[in-house]
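Coordinate inspection notes
Residue-level listing of the chains:
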Amino acid sequence: AATGGDMTAVRNGLQAAFAQAPDEPRRLRALWAQNAIGALDENALFGLLTHADESVRGWAVRLLVEKTPVAPGVVTKLAEQAKAETSPRVRLALTSALQRIPEADRRPLAEVLASAEIDPADPMLPLMTWYGIEPLAATDFDRAAALIPTVKLPMLREFLARRMVAAD
């Protein structure tokens, strides 16, 4: 069995490997290894949301929503991230995260993502965004109606309007 000192050495070694990784694959392997040994708490993952490597930012999002239920503070942080994020890869991770967040808590992130600039040619992002906001459109007519003018992607506006008309 590893002693406390051994684990500290392992954590330090993995942190160094992450910081000094010469390329994305090695950086991600060091990140995943840190996660596997429990070396990444919520604050550490929040810190990775500003990393220069978009893959690291995307994985930070995924790891933040790995443990369910997702804490409301995590949702708030992800909504802040979504406002500033420009990488389609990280935006897809944020949109995918919606599925892991309880419907009652996902509104702040969902509204930011719904009103973001989305490339209509992207093969996944528009639909993943819709799958995340659709349950909200079905349960809160007034907020869904208020959201429509902020939605930049025509497909999402159309889906929102249709869902509101079809709501029971």
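Keep in mind the model is a prediction, meaning the values are calculated, not measured.

Description of the overall build of the protein
Looking only at helices and strands, the protein features ten helices and zero strands. Its C-alpha atoms give the protein principal-axis dimensions of about 60 × 30 × 20 Å. In the protein, which comprises 168 residues, the share counted as buried stands at 40%. Across the protein, contacts joining residues at least 24 apart in sequence account for 61% of those joining residues at least 6 apart. For the protein, the accessible area works out to roughly 8900 Å², and carbon and sulfur atoms hold 56% of it. Averaging the positions of the 19 positive and the 21 negative side-chain charges in the protein gives two centres separated by 2 Å.

Details of the environment of Asp105
Among the structural elements, Asp105 can be located in the loop between helix H6 (88–97) and helix H7 (107–114). Residues Asp105 and Phe141, spaced 36 residues apart in sequence, show a C-alpha to C-alpha distance of 17 Å.

Focus: the nonpolar core
The biggest cluster of nonpolar side chains holds 45 residues, and the ones touching the most others in it are Val61, Leu78, Leu94, Leu109 and Leu160. Setting aside residues no more than four positions away along its own chain, Leu109 makes contact with Val75, Leu78, Ala79, Ala82, Leu94, Leu98 and Ile101.

What about the side chain of Gln81?
Relative to the elements of secondary structure, Gln81 occurs in helix H5 (residues 72–84). With a relative accessible area of 12%, Gln81 lands in the buried category. Excluding anything up to four places from it in sequence, Gln81 contacts Leu49, Arg57 and Leu94.

Re the packing of aromatic side chains
Across all of its chains, the model carries two aromatic pairs by this definition. Seen in terms of ring centroids, Trp32 and Trp59 are 5.2 Å apart; in terms of plane orientation they differ by 70 degrees. Their pairing is edge-to-face. Pair noted here: Trp32 is in helix H2 (residues 24–36) and Trp59 is in helix H4 (residues 54–64), with a separation of 27 residues, a long-range link. Residue classification places Trp32 among the partly exposed positions, given a relative accessible area of 36%. Residue classification places Trp59 among the partly exposed residues on the basis of a relative accessible area of 27%. Measuring from centroid to centroid gives 5.4 Å for Trp130 and Phe159, while their planes differ by 65 degrees, and the two rings are edge-to-face. Residue Trp130 is located in helix H8 (residues 125–139), and its partner Phe159 is located in helix H10 (residues 154–166); the two are separated by 29 residues in the primary sequence. Take Trp130: its relative accessible area is 10%, and that puts it in the buried class. The class of Phe159 is partly exposed, set by a relative accessible area of 24%.

Overview of unusual backbone geometry
Note the cis peptide between Thr68 and Pro69, where omega equals 0 degrees. Considering the arrangement of structural elements, one finds Pro69 in the loop between H4 and H5.

Details of the packing of H5 against H7
Angle between the axes and distance between the axes are the two parameters that describe a pair of packed helices. Contact pair H5 / H7: the axes reach a minimum separation of 8 Å and the direction vectors enclose 10 degrees. For the element pair H5 / H7, the angle class is roughly parallel. Across from Val75, Leu78, Ala79, Ala82 and Lys83 in H5, the residues of H7 making contact are Pro108, Leu109, Val112 and Leu113. Taken together, the residues that form the contact of H5 with H7 break down as eight nonpolar, no polar and one charged.

What counts and what doesn't
Residues numbered from 1 in each chain as written. Predicted model: local features only at pLDDT ≥ 70, side-chain atom pairs only at ≥ 80, totals over all residues. Heavy atoms only, no water. Helix = DSSP H or I, 4+ residues; strand = E, 2+ residues; numbered from the N terminus. Buried < 20%, exposed > 50% of the residue type's maximum accessible area, 1.4 Å probe, protein only. Contact = heavy atoms within 4.5 Å. Areas by Shrake-Rupley, 256 points an atom, 1.4 Å probe, with all protein chains shown as cover. Lys, Arg positive; Asp, Glu negative; His and termini not counted. Charge placed at Lys NZ, Arg CZ, Asp CG, Glu CD. Core = buried A, V, L, I, M, F, W, Y, C linked by side-chain atoms within 4.5 Å. Phe/Tyr/Trp six-rings, centres within 6.5 Å; stacked < 30°, edge-to-face > 60°. Axes fitted to C-alpha atoms, helices over the stretch in contact; angles between N-to-C directions. Parallel < 35°, antiparallel > 145°, perpendicular 65-115°, else oblique. Nonpolar A, V, L, I, M, F, W, Y, C, P; charged D, E, K, R; others polar.

What is shown is where atoms sit, not what they do.
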